[in-house]
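Given next are the chains, with one letter for each unit.
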Amino acid sequence: MQISTEELEGGVTRVVLDGRLDIAGSQAIDLKMNVIAGTKKAVLVDMQKVSFIGSMGLRTLVAPAQAIRGRGGKMVLFGPTEMVESVLKSSAIDTLIPIHHDFQGAVAALR
Amino acid sequence: MDSHDANTDRECLTLESKLSEIARVPPWLESLAALHSIPSRTQFAMDLCLEEVLSNIIRHGYGGESSHEIVIRYQNHRNGFFTFVVEDHAPLFNPLTVPCPPVPRALEDISGGGQGIRLLKQSADAIEHEPMSNGNRLTISFVAPGSSLAAPCVSQS
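Now for a quick tour of the structure. (Residues numbered from 1 in each chain as written. Chains lettered and ligands numbered in written order. Predicted model: local features only at pLDDT ≥ 70, side-chain atom pairs only at ≥ 80, totals over all residues.)

1. Some remarks on the interface of chain B and chain A
For clarity, the cut-off: A residue pair is marked as a contact if its C-beta atoms, positioned from the backbone, fall within 7 Å. Under the DSSP-based scheme used, a helix requires at least four consecutive residues in state H or I and a strand at least two consecutive residues in state E, with every element numbered from the N terminus. Nonpolar residues are Ala, Val, Leu, Ile, Met, Phe, Trp, Tyr, Cys and Pro. Charged residues are Asp, Glu, Lys and Arg, and all others, Gly as well, are polar.
Contacts between the two partners involve 22 residues from chain B, matched on the other side by 17 residues from chain A. Secondary-structure elements contributing two or more residues to the side of chain B that touches chain A are helix H2 (40-61) and helix H3 (115-123) of chain B. For the side of chain B that touches chain A, the element with the highest residue contribution is H2 of chain B, accounting for 7 residues. For the side of chain B that touches chain A, a count of residues per class yields 11 nonpolar, 5 polar and 6 charged.

2. Some points on the nonpolar core
Spelled out, the test is: Note on terminology: a nonpolar core is any set of buried Ala, Val, Leu, Ile, Met, Phe, Trp, Tyr and Cys residues joined through C-beta atoms within 7 Å. Partly exposed residues are those whose C-beta has more than 12 but fewer than 20 other C-beta atoms within 10 Å; 20 or more makes a residue buried and 12 or fewer makes it exposed, with C-beta atoms placed from the backbone.
Judged by nonpolar contacts, the single largest core of 68 residues is most densely connected at Leu 44, Val 45, Val 76 and Ile 97 of chain A together with Cys 49, Val 53 and Leu 54 of chain B. Residue contributions to this core peak at 10 residues, all from H2 of chain B. Here Val 53 of chain B is in contact with Val 86, Leu 120 and Leu 138 of chain B, once residues within four sequence places are set aside.

3. Notes on the sheet that holds strand E3 (residues 42-53) of chain A
Residues and elements named next belong to chain A. Defined as follows: Here the rule is simple: two strands pair whenever DSSP picks up at least two bridges between them. Every angle, taken between N-to-C directions, lies between 0 and 180 degrees, and every axis is a line fitted to C-alpha atoms, over only the stretch in contact when it is a helix.
A sheet is described by the order of its strands in space; here 5 strands give the open sequence E1-E2-E3-E4-E5, paired in mixed fashion. Of all strands in the sheet, those with a lone pairing partner are strand E1 (2-7) and strand E5 (99-100), marking the two edges. When strand E2 (residues 13-21) meets E3, the two strands line up parallel, connected through 8 bridges. Following the sheet pairing, Arg 20 is matched in E3 by Phe 52. Relative to the sheet, helix H3 (residues 82-90) contacts E3 and E5, its axis offset from that of E3 by approximately 110 degrees. Against the sheet, helix H4 (residues 103-110) touches E3, strand E4 (74-78) and E5, its axis set at about 170 degrees to E4.

4. Side note on the packing of helix H1 (residues 25-36) of chain B against H2 of chain B
All names here are of chain B. What counts here: Angle categories are assigned with fixed cut-offs, so that under 35 degrees is roughly parallel, over 145 is roughly antiparallel, 65 to 115 is roughly perpendicular, and the rest are oblique. Left-handed describes a crossing whose near helix is turned anticlockwise from the far helix by less than a right angle; the clockwise case is right-handed.
At their nearest, the axes of H1 and H2 sit 10 Å apart, and the two run at 150 degrees to each other. Between H1 and H2, the angle falls in the class roughly antiparallel. At the point where H1 passes H2, the crossing takes the right-handed sense. Within the contact between the two elements, H1 uses Val 25, Pro 26, Leu 29 and Ala 33 and H2 uses Gln 43, Met 46, Asp 47 and Leu 50.

5. Overview of the packing of H2 of chain B against H3 of chain B
Relative placement of two packed helices is described by the angle separating their axes and the distance separating the axes. Residue and element names in this part refer to chain B. One can describe the packing of H2 onto H3 by two numbers: an axis separation of 9 Å at closest approach and a directional angle of 140 degrees. Judged on the interaxial angle alone, H3 and H2 are oblique. By crossing handedness, the relation of H2 to H3 is classed as left-handed. On H3, the residues touching Ala 45, Leu 48, Cys 49, Glu 52, Val 53, Ser 55 and Asn 56 of H2 are Gly 116, Leu 119, Leu 120 and Ser 123. Each residue belonging to the contact of H2 with H3 can be placed in one class, and the counts come to 6 nonpolar, 4 polar and 1 charged.

Structure (structure tokens):
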């Protein structure tokens, strides 16, 4: 799992994930996700290139989302594939962390 | 199932009880999918279920000890029906008896684990646990979308 960040206009941070959010993938990015959660308040997690997500991957998304919200910020998920989104829905994560398939809509939700 | 049944193909993968070993499963599934024409959606469900089952066995069943083995046997029963049998030598544990955590109503309500069990139960078409004299056998079955077959009637809570 690879992670990169990009600062967008309006104070939005785009976090791009590429790979599997399995146990190994989650461990690979947990630290950086926690740093982002502690320093950014408007985070768009770009999941277009996430090919798999398991329960550990869900934790890797939930923990930063909780931290960001606790600091008065917002986090959204952008562009998960159909199968990845089905996992998010199975665990009801989609009702707690908004999912957007339109990039402009995802950014607007953070402003 | 008779090992000489011409309608069943079998494959086997033996893992050490280390979390890093779980990374061997996805490429194995890729090869099975190519060999047996497993649809991508079904492959994803298999990947998810095995990740959750193996992670539980390693972390909880074996308590993180790396000196044990887990054996995964794959059976392709043809006609769109696939089965994985996972055997360990950990203390008796039936994941089907573990209740799923309540569906969270707020982000702050999510804590700890339990999501793995929920994903396992929702992703497999059938799951059966059998206690063995020295461990556990978990049979996880999948029916490919569009198949005319239904998974066998096995216990799933």
